[in-house]
Every structure is written in structure tokens, then in C-alpha cells.
Amino acid sequence: AQTVTQSQPEMSVQEAETVTLSCTYDTSESDYYLFWYKQPPSRQMILVIRQEAYKQQNATENRFSVNFQKAAKSFSLKISDSQLGDAAMYFCAYRRAETGGGADGLTFGKGTHLIIQP
Amino acid sequence: DAGVIQSPRHEVTEMGQEVTLRCKPISGHNSLFWYRQTMMRGLELLIYFNNNVPIDDSGMPEDRFSAKMPNASFSTLKIQPSEPRDSAVYFCASSFRRGGGYEQYFGPGTRLTVT
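Read on for a plain summary of the structure. Just so it is clear, the model here is predicted, and its values are computed rather than measured.

Attention shifts here to the overall build of chain B. From N to C terminus, chain B includes 0 helices and 11 strands. If one aligns the C-alpha atoms of chain B with their principal axes, the spans along those axes are about 45 × 30 × 30 Å. Per-residue burial over chain B gives 50% buried out of 115 residues. Within chain B, contacts between residues at least 6 apart in sequence are counted, and of these 54% link residues at least 24 apart.

Written as C-alpha cells, this is what we have:
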């Protein structure tokens, strides 16, 4: 079974600074997808960024970027120029590649609570 | 599009009662997922459907839990009888196969409290 580990229960960063959230995973699959989701106090799950395992290039979405190290099974999220609105729980998630039957479920880490200091 | 719709948003019930949670996926999506979120266990996949057919229900904790998807636009998660340890936020998500990574769109969740 796949597992996802987020070793930082809580992180704090000053507004406008850069912060990196860590995630490691364990799988025997060679093809899969990795995601970072944001959950603000409203509890809505919001997709932040996605990485395909077969792509060597790290995904970026505006101020959000990842450092994907496939051999090390590491997938960290970097948030640049942190803003107050970035304060939330962040979840790393794994999904194996589709097998032909359709989509598959997500396996989540326990989350990192990100605090933005004004 | 209205997004994934879940009802009710909040449910408070007494132990032993039947609880039914409802989900309407995004129109055109052919996969539907039920997740549960608790402080102790985090976010867990309970069951998912592809084209209205249950594919994997290994995450369903006990026989007290059941899920159905009678058509492409509606799914229910039922707990009978409910217990205090079932208190959690239950999320429904849907996705559409479009040849790449399938983004799952989450509903707002149902917060269930069993007293």
C-alpha cells in the first residue's frame, strides 16, 4: 500500500518570505501523480499544484513550485512571497496512474498547518 | 458549473440513528469519491465509483457504512446505526477522465456529529 508522510505538523513563516513544506511517499509503482492541496478554515479542499511522475521538470503555478525527487520519493512544496491568504492546512497526496478503468482515489498525508506571521 | 454539491452541510444526530449524506457530482464527471476527515486519522478514502459502479470499498470502516450511486448525478453514503466515533467531516469529490492527471474536485463537506 502507498503511504504519504508529512513530517512537519506546523510551519510558520513571515509574510513575503519563502517557505518549504516537506512530503515523502512510498510506492512500488513507477507511474503516478502527486498533488498538493490547500485547506483553509472554510475546509474547502483546493488543488494547489500537480506533478506527473514521468515528467522530470518540476511543476510551477505562480508563487507555488515543487521539488520532485523521484529516486528519493520526495515531493516538497515551495511557497514564495508568502501572503496572509496562504495560511491553511496543506496536504500532500498521491494517486497511482489510471489502469484503464478510470480514476483512482487519493492517499493523503496528515497535513502541515502553515501559519503566516504579518 | 456549481461544483460538487453536498447535503446537508452539518448533521447532528444521536447514537443509533441512521444518517444519510448526499452528493451531486459535477455534470459530466464519471468518477466519484467519498472521503472522511478526522483529527486522528486525517483524510481517508472510503469508497469510489467509476461510471456509477463501485470500484474499491476497502476503505469503508464497517458494515454499518454503505454507499450507492444510482445514477451519474447522485450518490449517498449511509451510516446505520451511527456511533460517536463516526463524527467527522465527510467529503465527496468527482473527476473526469481526460487523458492526463485527473483533478478531483471536492465538495464543501458534511460535518457529522454523533452524540
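That was the structure; now back to the text.
Strand-to-strand pairing in sheets goes through backbone hydrogen bonds, with the strands running parallel or antiparallel. Residue and element names in this part refer to chain B. Sheet architecture is open: 4 strands sit in the order S1-S3-S8-S7, paired in antiparallel fashion. In this open sheet, the two edge strands, each paired with only one partner strand, are strand S1 (5-7) and strand S7 (65-71). For this sheet, the mean angle separating the axes of adjacent strands, direction not counted, is 15°.

According to the stated counting rule, one finds 2 disulfides over all chains in the structure shown. For Cys23 of chain A, the disulfide goes to Cys92 of chain A, at an S-S distance of 2.0 Å. Disulfide Cys23 of chain A to Cys92 of chain A: torsion about the S-S bond roughly -70°, handedness left-handed. One end of the pair, Cys23 of chain A, is in the loop between strand S3 (19-21) and strand S4 (24-26); the other, Cys92 of chain A, is in strand S10 (residues 88-96), and 69 residues separate them in sequence. The same class applies to Cys23 of chain A as to Cys92 of chain A, namely buried. Each disulfide pairs two cysteine sulfurs, and for Cys23 of chain B the partner residue is Cys92 of chain B, the sulfurs being separated by 1.9 Å. Because the sign of the S-S torsion sets the handedness, a value of about -65° for the bond joining Cys23 of chain B and Cys92 of chain B places this disulfide among the left-handed ones.

Cut-offs applied
Residues numbered from 1 in each chain as written. Chains lettered and ligands numbered in written order. Predicted model: local features only at pLDDT ≥ 70, side-chain atom pairs only at ≥ 80, totals over all residues. Heavy atoms only, no water. Helix = DSSP H or I, 4+ residues; strand = E, 2+ residues; numbered from the N terminus. Buried < 20%, exposed > 50% of the residue type's maximum accessible area, 1.4 Å probe, protein only. Contact = heavy atoms within 4.5 Å. Pairing = 2+ DSSP bridges. Axes fitted to C-alpha atoms, helices over the stretch in contact; angles between N-to-C directions. Disulfide = S-S within 2.5 Å.

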